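Descriptive structure summary
Each chain is listed here by its residues.
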Amino acid sequence: RLHLAKPLDRSMIISERCGVRPLAVKLAAENLDQEEWVNLSRKHEIEVQTSMHHISIFGGKLTDCLNIGRELLHHVRSLGYKVPRPKYWFGEGAPVAKAQYFEQAQKLGLDKDLSPGEGSLAERLWRNYGEDALAILAALHRRPELRQRIVPHAPVIMAEAQHIAEEEQVVELEDFLRRRTRLSLIVPHKELEEAEGLKEACRILFGDGADTKWQSYFRKLMP
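All residue numbers here refer to positions counted from 1 along the written sequence of the relevant chain. Per-residue local features of the predicted model are confined to residues with pLDDT of at least 70, and side-chain atom pairs are confined, for both listing and counting, to 80 or more; whole-chain, interface and lining totals are unaffected and use all residues. Side-chain measures here rest on the full set of heavy atoms in the structure, leaving out hydrogens and waters.

What follows is about the environment of Val-83. By the secondary structure assignment, Val-83 is in the loop between helix 2 (65–78) and helix 3 (95–107). The spacing of Val-83 and Leu-73 is ten residues in sequence and 7.5 Å in space, taken between C-alpha atoms. Contacts were defined at the residue level, with two residues in contact if any of their heavy atoms lie within 4.5 Å. For Val-83, the contacting residues outside a window of four places in its chain are Leu-73, Val-76 and Arg-77. In this text, helices come from DSSP runs of H or I with a minimum length of four residues, and strands from runs of E with a minimum of two, each type numbered from the N-terminal end.

Spelled out as structure tokens, the structure:
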């Protein structure tokens, strides 16, 4: 993917992100100074205070979440709690709701609406919103125009802006673009500024304050 006709340069950077990762080590760890921090960043520690029935997780990475989860279940059971075997992914929603959702999404043709790297629109909405995606389908039934994409060639649709406006406390356009939809991470700044769909989404999100929020976000990012 990086073997391009025009090599990448700094002008092509859309956004930058950085953060701080805590490194978890045992207090009695030997040769700590010689340990590579890259290796430490992939480790985690689980601390159990049996008398208080309290468990703390330090460190860990999303890519290791299944292993951490298995260890956590072991410790929870060791404290005397019975943990039933789940019938579906925690947080995903009940199988009945999932089946109902995909049946309705198929009737709307969302399973045929594909985006590179995202799969179908039906899959993306369920993956991002879980059972709340049923409310998004209901909105699409009432107002088919909400299926319009907020930015051309990006997968986010207007019905998502409507749902976020009703259910989530978004107070700045940056929050919507960077954290709720990640549009600012995948769409160049100039394309965002020129997208009429984004201006409509801004009106959905902020009503009479839309222009102020728009100007605040794009003025702040001007070079």
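All right, on to the packing of aromatic side chains then. When two rings of Phe, Tyr or Trp (its six-membered ring) have centres within 6.5 Å they constitute a pair, described as stacked for plane angles under 30 degrees, edge-to-face for angles over 60, and tilted for the intermediate range. Here the structure, examined in full by the defined rule, presents five aromatic pairs. Considering the side-chain rings of Phe-102 and Trp-126, the 6.2 Å spacing of their centres and the 55° angle between planes classify their relative orientation as tilted. Highlighted residues: Phe-102 in helix 3 and Trp-126 in helix 4 (residues 121–129), separated in sequence by 24 residues. For every residue, the accessible area obtained with a 1.4 Å probe (protein chains only) is divided by the maximum for its type, and the residue is called buried under 20%, exposed over 50%, and partly exposed between those limits. Owing to a relative accessible area of 28%, Phe-102 belongs among the partly exposed residues under this scheme. These aromatic residues form a ring-pair network of at least three members: Tyr-101, Phe-102 and Trp-126. Criterion for a charge above a ring: Lys NZ or Arg CZ within 6 Å of the ring centre, and within 35 degrees of the ring normal. In this structure, Lys-213 packs its charged tip against the face of Phe-206, placed 5.8 Å from the ring centre.

Our focus in this paragraph is the pairing of strand 2 (residues 54–59). Strand direction decides the pairing type here: strand 1 (residues 44–49) and strand 2, joined by six bridges, are antiparallel. By the bridge assignment, Glu-47 is partnered in strand 2 with Ser-56. The hairpin formed by strand 1 and strand 2 contains four residues between the paired strands, and His-53 there has a positive phi angle of roughly 55°. Note on pairing: two strands pair once DSSP finds at least 2 bridges between them.

Positive phi outside glycine occurs at His-153, with the angle close to 70°. Inspection of the secondary structure puts His-153 in the loop between helix 5 (133–142) and helix 6 (158–167). Given a relative accessible area of 78%, His-153 falls into the exposed group. A positive phi angle, close to 65°, is found at Arg-182, a residue other than glycine.

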